[in-house]
Amino acid sequence: MIVDRFNRIHTYLRISLTDHCNLRCSYCMPDEDMAFTPPARLMQKEEIVTLARLFVAEGVNRIRLTGGEPLVRKDAGEIILGLSALPVSLHITTNATRIHEFIEVLKRAGVRTVNVSLDTLNRQKFLKITRRDYFDRVMENISLLLGAGFAVKINTVLMKGTNDDELNDFVQWTKNEPLHVRFIEFMPFTGNRWLNDQVVTWRDMLERIRQIYHLVPLPGEPHDTAKSYAIPNHRGSVSVISTMSAPFCGSCNRMRLTADGKMKNCLFSTHEADLLGVLRKGGNVRELVYSCIADKAEKLGGQLHGAFREIDTSTLINRTMIAIGG
Ligand code: SAM
Ligand code: SF4
């Protein structure tokens, strides 16, 4: 078992398949052209499966594929099927622009829940936030997923002055659609021009939803990052994720593998362990995994001390979100 100094058992691995993306979400990546990792430096499909197998042997039972956009990778289907042979529950977070090409693969791989990122229900605003014109395609693909029987979770990063006016439009969407909408607090990463006064806290979110809707708390699971609620007579449900204003580090069971094969023990960790480099040299990857987890800080990668309203992003050491893998 992969256990850290604070007795947290790590059973969940998030693997980034690529740092490339066909959208340009302003909160995830810098405005200026990103220097994407050249393909030779990315983990190759066999390397991904080999590293995943090693983690599974150490107790990982849940894997999420993310990115960048995992489905822009040409061999994404083969990787998904390769990982589906492991004894894990397999999940994916996607912008849904290419779901129509992968729906059969996802079914065959036994993926049951798909997390789709969508920050607005307005076509023009989608273009403004993502800088790409894919709104109709994303909405069609969400319907496609629901029609094919997948459970769909919508990830919505709520930003003051950008899309917080749509909070209750998203809640209303769950009346007739069996969607689970997750409202996420806006987090700071290199190049995303985060300002603390743009964060809508989970408390603010709930207060604003409760002005219109009756929220009924749903039971949580041990490692849940979300507080979830049903709404009477709605087919779907909602949740709030409090990363900034009330971090849930105490029950963290997550590890991350970046697309270039570096292990991060936390989204905000400064240290990275080069698993791919060691794998390619035939070294002891297992040992490196354990030393990386032994370094895990108690909270937020040992950065972002104090109240989030006082965070100074100029001292933050990290990659962009797109290069970490969200
Ligand atoms: N491209 C895929 C997608 O958009 O779903 C997967 C990668 S994306 C980096 C994973 C998740 O990170 C998305 O749900 C996105 O909304 C979230 N994310 C990106 N930047 C964020 C930020 N600054 N604060 C909070 N969440 C963020
Ligand atoms: Fe791409 Fe996802 Fe980042 Fe948007 S949030 S730029 S879709 S990786």
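Along each chain, numbering runs from 1 in the same order as the chain's sequence is written. Whichever chain is written first is A, and whichever ligand is written first is 1; the rest continue in order. Per-residue local features of the predicted model are confined to residues with pLDDT of at least 70, and side-chain atom pairs are confined, for both listing and counting, to 80 or more; whole-chain, interface and lining totals are unaffected and use all residues. Just so you know, side-chain values use all the structure's heavy atoms and leave hydrogens and water out.

## What to know about the pattern of salt bridges
Stated formally: Salt bridges are defined as contacts in which a side-chain nitrogen from Lys or Arg sits within 4 Å of a carboxyl oxygen from Asp or Glu. The rule is simple: take the accessible area with a 1.4 Å probe, protein chains only, and divide by the maximum for that residue type; under 20% is buried, over 50% is exposed, in between is partly exposed.
Under the defined criterion, the tally for this structure stands at 15 salt bridges. With a closest N to O distance of 3.5 Å, D260 and K262 form a salt bridge. By relative accessible area, which is 10% here, D260 ends up buried. Shared partners join several salt bridges into a network, and the residues in it are R41, D260 and K262.

## Some details on the site of ligand 1
What counts here: Proximity is defined per residue: if any heavy atom of the residue lies within 4 Å of a molecule or strand, that residue is considered near it. Polar contacts, as used here, are pairs of N or O atoms within 3.5 Å; protein pairs need one atom able to donate a hydrogen and one able to accept it. Residues neighboring in sequence count only if both atoms are side-chain atoms. Only DSSP runs of H or I with at least four residues qualify as helices, and only runs of E with at least two residues qualify as strands; both kinds are numbered from the N terminus onward. Each residue is assigned to one class: nonpolar for Ala, Val, Leu, Ile, Met, Phe, Trp, Tyr, Cys and Pro, charged for Asp, Glu, Lys and Arg, and polar for all the others, Gly among them.
Near ligand 1, the surroundings consist of 20 residues, among which Y27, G68, E69, S117 and M187 are the closest. Within the contact set of ligand 1, an oxygen atom lies 2.5 Å away from a side-chain nitrogen or oxygen of S117. Contact distances for ligand 1 include 2.8 Å between a nitrogen atom and a backbone N or O atom of M187. Elements with a contribution of two residues or more to the shell around ligand 1: β3 (89-94), β5 (151-158) and β6 (180-185). Across the shell around ligand 1, the residue classes break down as 8 nonpolar, 10 polar and 2 charged.

## A short note on the sheet that holds β5
Threshold: A pair of strands is treated as paired once DSSP finds two or more bridges between them.
Strand order in this open sheet of 12 strands is β7-β8-β9-β6-β5-β4-β3-β2-β1-β10-β11-β12, and the pairing throughout is mixed. Of all the strands in the sheet, the pair left with one neighbour each is β7 (216-217) and β12 (273-274). Of the strand pairs in this sheet, strand β2 (residues 62-66) and β3 are connected by 4 bridges, and their pairing is parallel. Paired with R64 across the strands is H91, a residue of β3.

## Some thoughts on the pairing of β6
In terms of burial, β6 is largely enclosed, as 6 of its 6 residues are buried. Strand direction decides the pairing type here: β5 and β6, joined by 6 bridges, are parallel. Bridge pairing in β6 places T156 opposite F183. Relative to strand β9 (residues 237-241), β6 is paired through 5 bridges, and the arrangement is parallel. Bridge pairing in β9 places V181 opposite V238.

## Brief notes about the pairing of strand β4 (residues 113-117)
How we decide: When the strands point away from the viewer and the path from the first strand over the helix to the second turns clockwise, the crossover is right-handed.
Burial within β4 is extensive, with 4 of its 5 residues counted as buried. One ladder, built from 3 bridges, connects β3 with β4; its direction is parallel. Bridge pairing in β4 links I92 to V114. Running through helix α3 (residues 99-108), the crossover from β3 to the neighbouring parallel element β4 is right-handed. Pairing analysis gives 5 bridges linking β4 to β5, with the strands arranged parallel. Across the sheet, S117 pairs through a bridge with N155, a residue of β5.

By themselves, these observations are geometric and do not establish any function.
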